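Chain by chain, the residues:
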Amino acid sequence: MTDKIRVGVIFGGRSSEHEVSLTSAACVLDAIDKSKYDVVPIGITKAGQWLVGEDVLQLLASPSLQLTNEKSGALLQSSFFNEAKKVSLLPVPGEAGLVCLEPKKHGMEVSGAVGHLDVVFPVLHGTYGEDGAIQGLMELSDLPYVGAGITGSAVAMDKAMAKAVLAASGFPQLPYVTILRSHWEKSPIAVQDEIEASIGYPCFVKPASLGSSVGISKVRRRDELQAALVEAALYDRKIVVEKDAGNVREIECSVLGNEDPVASIPGEIIPSRDFYDYVAKYHDSDSQLIIPARLSPAATKEVQELAVAAFKALDCAGMARVDFFVDKDTERVHINEINTIPGFTPISMYPKLWEASGLSYAELIDELIRLALDRHRDKRRNVTSFSPQQHK
Ligand SMILES: Nc1ncnc2c1ncn2[C@@H]1O[C@H](COP(=O)(O)OP(=O)(O)O)[C@@H](O)[C@H]1O
Ligand SMILES: [Mg+2]
């Protein structure tokens with residue numbers, strides 16, 4: 001027996017940000033303090049299959065092996081990798097934790113257990129990982145997990161919903177409209193007219209619930225609008241169209257904590273391309289991160305205060321990165337979005353900003369796990385039964 005905390009680190013997933021998650025997870029697995037934690041790497045394939053094993057990260061990063069798995073349904077094995085077990089997390093509180101599954105003639109059968117987990121760190125981005133779906137499973141399993149709960153995750157992931165919540169609290173945002181794919185498909189001309197009248201050009205067209213700039217286009221003229229809507233509509237039934245921010249700095253601020261969160265020093269991104277698209281984020285080493293951001297002390301303070309306030313307004317927990325546009329001339333601040341599972345890749349701002357604020361990568365993971373356990377303990381205080389007699 002060991003008194004180390006057993007941490008399930010989950011990565012991959014049924015998301016267009018699967019690959020980004022693998023890069024983030026590699027860094028987390030590398031940085032986590034193995035003297036304090038027993039780490040159980042848990043990979044989710046693009047098809048949604050959960051796998052546990054020493055080499056699962058390498059296995060998921062090797063597309064040819066995943067293909068073999070998805071076609072045959074067989075256990076993943078190769079001469080290069082140790083065996084990966086198919087597993088599932090039962091939506092039942094208790095000691096079972098992850099159970100192993102084995103294919104049988106009429107489906108899968110439980111064949112053993114990987115054992116309990118003390119806490120889960122979902123290093124997942126996008127659909128099913130950052131949108132409240134997996135958080136719901138953790139709640140049903142009664143497992144502590146790093147990051148926002150169901151509400152915070154779901155609201156922050158949906159740009160239309162997050163903007164509506166932030167607007168209700170008076171946060172400064174750029175003008176935007178939300179469009180339903182079905183409405184646009186029925187009346188394309190009317191919808192384009194409405195966008196032109198209320199937002200104009202240039203504007204940004206975004207699927208409501210994605211990240212990593214997937215499906216996002218900058219639109220300069222009406223003849224580009226149609227293609228941008230087609231692209232965004234591939235990914236979501238809701239589309240957000242937003243006014244171009246203009247001559248701005250892209251500023252990011254990391255937030256850490258539960259009910260009394262704190263903000264890091266802000267950082268600045270200079271995208272290598274027209275805007276910070278997928279290529280500029282992950283494939284182009286020419287994008288620059290400037291830490292601390294080149295802001296006046298007053299704008300720095302405003303960004304930090306807004307970051308903490310937005311974290312609270314969206315009911316986040318543990319961590320979030322809050323992104324802003326700050327006008328280069330006037331320093332007017334607009335909030336762009338909140339990411340509840342920010343990137344943890346080597347070039348990612350979230351851990352870098354904490355490093356610059358005096359918290360190392362390993363210490364940051366310690367703190368996130370502590371916050372997850374703390375929040376779970378607090379939630380356990382809630383009574384889940386009620387008897388009117390007791391209150392007479
Ligand atoms: N209104 C806007 N004005 C200027 N640039 C924008 C605007 N909206 C998005 N962008 C650019 O597109 C990038 C991705 O958009 P964002 O809304 O942050 O989506 P994601 O969740 O995919 O990161 C931003 O980092 C920025 O470079
Ligand atoms: Mg963004």
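Rules used in this analysis
Residues numbered from 1 in each chain as written. Chains lettered and ligands numbered in written order. Predicted model: local features only at pLDDT ≥ 70, side-chain atom pairs only at ≥ 80, totals over all residues. Helix = DSSP H or I, 4+ residues; strand = E, 2+ residues; numbered from the N terminus. Rg over C-alpha atoms; globule rule 2.2 N^0.38 Å. Buried ≥ 20, exposed ≤ 12 C-beta atoms within 10 Å, placed from the backbone. Contact = placed C-beta atoms within 7 Å. Core = buried A, V, L, I, M, F, W, Y, C linked by C-beta atoms within 7 Å. Domains from an automatic or database assignment. Pairing = 2+ DSSP bridges. Axes fitted to C-alpha atoms, helices over the stretch in contact; angles between N-to-C directions. Near = placed C-beta within 6 Å. Nonpolar A, V, L, I, M, F, W, Y, C, P; charged D, E, K, R; others polar.

Trainee: Would you mind showing me how to read the overall build of the protein chain here?
Mentor: In terms of regular secondary structure, the protein chain is built from 13 helices and 17 strands. Its C-alpha radius of gyration of 22 Å places the protein chain within 12% of the 21 Å reference for a compact globule of 392 residues. Over its C-alpha atoms, taken along the principal directions, the protein chain stretches across nearly 60 × 55 × 50 Å. Within the span of the protein chain, comprising 392 residues, buried residues form 42% of the whole. Counted over contacts in the protein chain with a minimum sequence separation of 6, partners at least 24 positions apart contribute 65%.

Trainee: Help me understand the nonpolar core, please; the structure alone is not making it clear to me.
Mentor: Soluble globular proteins tend to bury their nonpolar side chains together. Core analysis: the largest hydrophobic core is formed by 74 residues, its most contacted members being Val-255, Ala-307, Ala-310 and Val-322. Examining the composition of this core, we find that 8 residues originate from one element, helix 11 (residues 297-313), more than from any other. Of the domains in this structure, domain 1 (5-145) and domain 3 (248-373) are the two that each give at least three residues to this core. Discounting residues that sit within four places of it in the chain, Val-255 has contacts with Pro-261, Ala-263, Ala-307, Val-308, Phe-311, Met-319, Ala-320 and Val-322.

Trainee: What am I meant to see in the sheet that holds strand 9 (residues 203-207) here?
Mentor: Read from one edge of the open sheet, 4 strands run 8-11-9-10, paired in antiparallel fashion. Two strands close off the open sheet at either side, each with one partner strand: strand 8 (176-180) and strand 10 (217-219). When the angles between neighbouring strand axes are averaged without regard to direction, this sheet yields 25°. When strand 8 meets strand 11 (residues 238-243), the two strands line up antiparallel, connected through 5 bridges. Across the sheet, residue Tyr-176 finds its bridge partner in strand 11, namely Glu-242. Helix 6 (residues 159-168) rests against strand 8, strand 9 and strand 11 of the sheet, and its axis sits at about 55° to strand 11.

Trainee: In this structure, what is going on with the site of ligand 1? I would like to understand it.
Mentor: In the neighbourhood of ligand 1, 19 residues make up the surrounding shell, with Phe-204, Gly-211, Ala-245, Phe-275 and Tyr-276 lying closest. Of all the elements in the fold, those that place two or more residues in the shell around ligand 1 are strand 9, strand 11 and strand 17 (333-339). Grouping the constituent residues of the shell around ligand 1 by class yields 8 nonpolar, 4 polar and 7 charged. When residues of the shell around ligand 1 are sorted by domain, at least three fall in each of domain 2 (175-243) and domain 3 (248-373).

Trainee: Please clarify how the pairing of strand 4 (residues 85-89) should be interpreted in this entry.
Mentor: Here is the key point about a regular strand: its side chains alternate between the two faces of the sheet. Across 3 bridges, the pairing between strand 3 (residues 50-52) and strand 4 is antiparallel. Its bridge partner lying in strand 4, Val-52 is registered against Lys-85. Summarising the sheet, strand 4 and strand 5 (residues 98-104) pair through 3 bridges and their orientation is antiparallel. Residue Val-87 lies in a different strand from strand 5, and its bridge partner there is Cys-100.

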